[in-house]
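Observations on the three-dimensional arrangement
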Amino acid sequence: MQTVTHLINGEITVADGRTAAVFNPSTGDVIRQVEMADQETVQQAIAAAKAALPAWRDTPPAKRAQILFRFKQLLEQHEEQIIRLISEEHGKTLEDSAGELKRGIENVDFATAAPELLKGEYSRNVGPEIDSWSDFHAVGVVAGITPFNFPAMVPLWMYPLAIACGNTFILKPSERDPSSALFIAGLFQQAGLPKGVLNVVNGDKEAVDGLIESPDVKALSFVGSTPIAEYIYREGTRRGKRVQALGGAKNHAVLMPDADLNNAASALMGAAYGSCGERCMAISVVVCVGDQIADALIEKLTPQIKTLKIGAGTERGLDMGPLVTQAHLKKVSNYVTEGVNAGARLVVDGRDLSVAGYENGFFIGGCLFDRVTPEMRIYQEEIFGPVLCIVRVASLEDAITLINAHEYGNGTCVFTNDGEVARMFANEIEVGMVGINVPLPVPASYHSFGGWKRSLFGDLYAYGPDGVRFYTRRKTITQRWIKRKRHEAAQFAFPSNN
Ligand code: NAD
């Protein structure tokens, strides 16, 4: 059986250590092993990144961009292979994997603008014969730790931009679906990236802790669940590292009585059940303003949920694949049971779904709850499965108060035809990414991605302009050339233009 290993100093390593099983969640079979890096392996990757740093940091940004352009071409040429790897190990549909890859490639596009992005700022005559400028320097060796649910896209949020900014990088992908990240890193090597600029170490907590503890790693980008995000942020910043740690979510959609119901229902189907609900921007709660719209929505959604096309992620034309692991399937099913026990009305029950030919796959059908209330665990916690909860409120103000009281603040949206409602919602909601009639408001690569509250630890969002700031350090130089032969006496007052 194939073992997914590491990429260190431009070479794929030979398997010789502890491994974990990688499943195809559609069949339930173990299809590969992934090697779990030990401390020695992590140190080798850090040493490779450190050794590659001086030359890469001094490589002209336009030259770095040329390699990124070739990398982008290779990603496009290998789309079929990459999306198969994603769907095989994650379980999401091939069309969904293709969408993920395209959004990832958009981040490579953005990073090719490195010469423009790193241009700096210049001011002439800030004082007598004094000019001043700020330029942007690489931070150094950066590590990225990524989740299972976007095994190709989230790494591409991080290292193309970090590397474009002159840093060297160590990626620690999710051990549940590691193959696409390693394959893609190989394409970057093929594009001409010097050895050691990008390294991939597979593994678990042991590998992550090695990266956190190393004084040679200067910054950490993390995307994953909130408890681990908080851990990485705390342990990283305690050691003086720059850290951005993106965490979990509970994304609410508000449905106003005046909304275009048919379109809102279609949008909610995709946003709640796409990728089997395993998206950090998935809508998991619909806040219906008034009973009438809630009843009408349930009537629209119920038949659509019951006829979702569910099957193996590697087949085409489906709506939804399986969940990622057996353990996650159990967790999601337990949440559904708990919701019933807590008194929520289970309108559609997707448990006990069996897919013909894939009886051992980790499948669950779409679930819909009505009459969910804020004290229920199915409302408070991130389920990360195809479970949509309807909460009924009396007014827009109540909807905003409810959402603002939730511990997470990643994404949200409102469905309405009223501009005043849309504007009030966008102004008052305490959430980082807001959609107006857009259910998954994932920012384009030239904006930046991040949530508020316990969905993000750190000050800067991922990718886009915030990504450039995160992966660079500002240096401000102030320079004076006094005209010839003039001598100036010492001045003891603080220099100013007065
Ligand atoms: P996870 O937190 O379990 O794992 C994320 C990464 O952390 C993996 O690489 C994993 O190996 C590592 N890790 C796990 N336990 C660790 C530990 N104890 N110490 C150190 N490292 C550890 O997350 P997941 O299940 O892979 O992904 C799903 C979660 O990610 C969801 O909560 C989802 O909302 C979140 N997510 C957030 C965003 C965002 O942008 N905010 C995007 C995607 C996913």
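Going by the annotation in an unreviewed UniProt entry, the name recorded for the protein is methylmalonate-semialdehyde dehydrogenase (CoA acylating), with Xenorhabdus beddingii given as the source organism.

What follows is about the sheet that holds strand E6 (residues 121-127). Overall, antiparallel pairing links the three strands, which are arranged E6-E7-E23 in an open sheet. For this open sheet the edge positions go to E6 and strand E23 (472-480), each flanked by a neighbour on one side alone. Within this sheet the neighbouring strands show an average axis-to-axis angle of 25°, counted without direction. By the bridge criterion, nine bridges tie strand E7 (residues 130-138) to E23 in an arrangement that is antiparallel. Looking at E23, one finds that serine 134 is bridged to threonine 476.

Every one of the 28 residues lining the ligand counts as a neighbour, but Lys172, Glu175, Ser225, Gly247 and Glu382 are closest to it. A distance of 2.6 Å separates an oxygen atom of the ligand from a polar atom in the side chain of glutamate 382. Its free accessible area being 840 Å², the ligand has 89% of it covered by the protein chains. Those elements giving two or more residues to the shell around the ligand turn out to be helix H8 (205-213), strand E11 (217-223) and helix H9 (226-238). Its residues placed into classes, the shell around the ligand shows 15 nonpolar, eight polar and five charged. Shared between two domains, the shell around the ligand holds at least three residues of each, these being domain 1 (3-247 + 455-479) and domain 2 (251-436).

Right, let's talk about the pairing of strand E16 (residues 367-370) for a bit. The alternating pattern of E16 places Cys367 and Phe369 on one face and Leu368 and Asp370 on the opposite face, and all of these are buried. Looking at chain direction, strand E15 (residues 345-348) and E16 are connected through three bridges and run antiparallel. The residue of E16 that forms the bridge with leucine 346 is phenylalanine 369. In the sheet, E16 pairs with strand E17 (residues 387-393) via three bridges, with the strands oriented parallel. Bridge pairing in E17 links phenylalanine 369 to cysteine 389.

Reading the values: rules and limits
- Per chain, residues are indexed from 1 in the order of the written sequence.
- Selection of residues for local features in this predicted model requires a pLDDT of at least 70, selection of side-chain atom pairs for listing and counting requires 80 or more, and totals for whole chains, interfaces and linings are taken over all residues.
- For side-chain calculations, the full set of non-hydrogen atoms in the structure is used, while hydrogens and water are omitted.
- Each pair of strands is called paired provided DSSP finds at least two bridges between the two strands.
- The helix count covers DSSP runs of H or I at least four residues long, the strand count covers runs of E at least two residues long, and both are numbered beginning at the N terminus.
- Only the stretch in contact is used when fitting a helix axis, every axis being a line fitted to C-alpha atoms; angles between N-to-C directions are given from 0 to 180 degrees.
- Nearness here has a simple test: a residue counts as near a molecule or strand if at least one of its heavy atoms is within 4 Å of that partner.
- Whenever a nitrogen or oxygen atom comes within 3.5 Å of another N or O atom, the pair is scored as a polar contact, on the condition that within protein one atom can donate a hydrogen and the other can accept it, and that pairs from neighbouring residues in sequence are kept only if both atoms are in side chains.
- For accessible areas, the Shrake-Rupley method is used with a probe of radius 1.4 Å. Any residue's cover is judged against the shown protein chains and nothing else.
- Note on residue categories: nonpolar means Ala, Val, Leu, Ile, Met, Phe, Trp, Tyr, Cys or Pro, charged means Asp, Glu, Lys or Arg, and polar means any other residue, Gly included.
- In this document the domain limits rely on a domain assignment from an automatic tool or a database.
- Here the term buried applies to any residue with accessible area under 20% of the maximum for its type, exposed to any over 50%, and partly exposed to those in between, with areas from a 1.4 Å probe on protein chains only.

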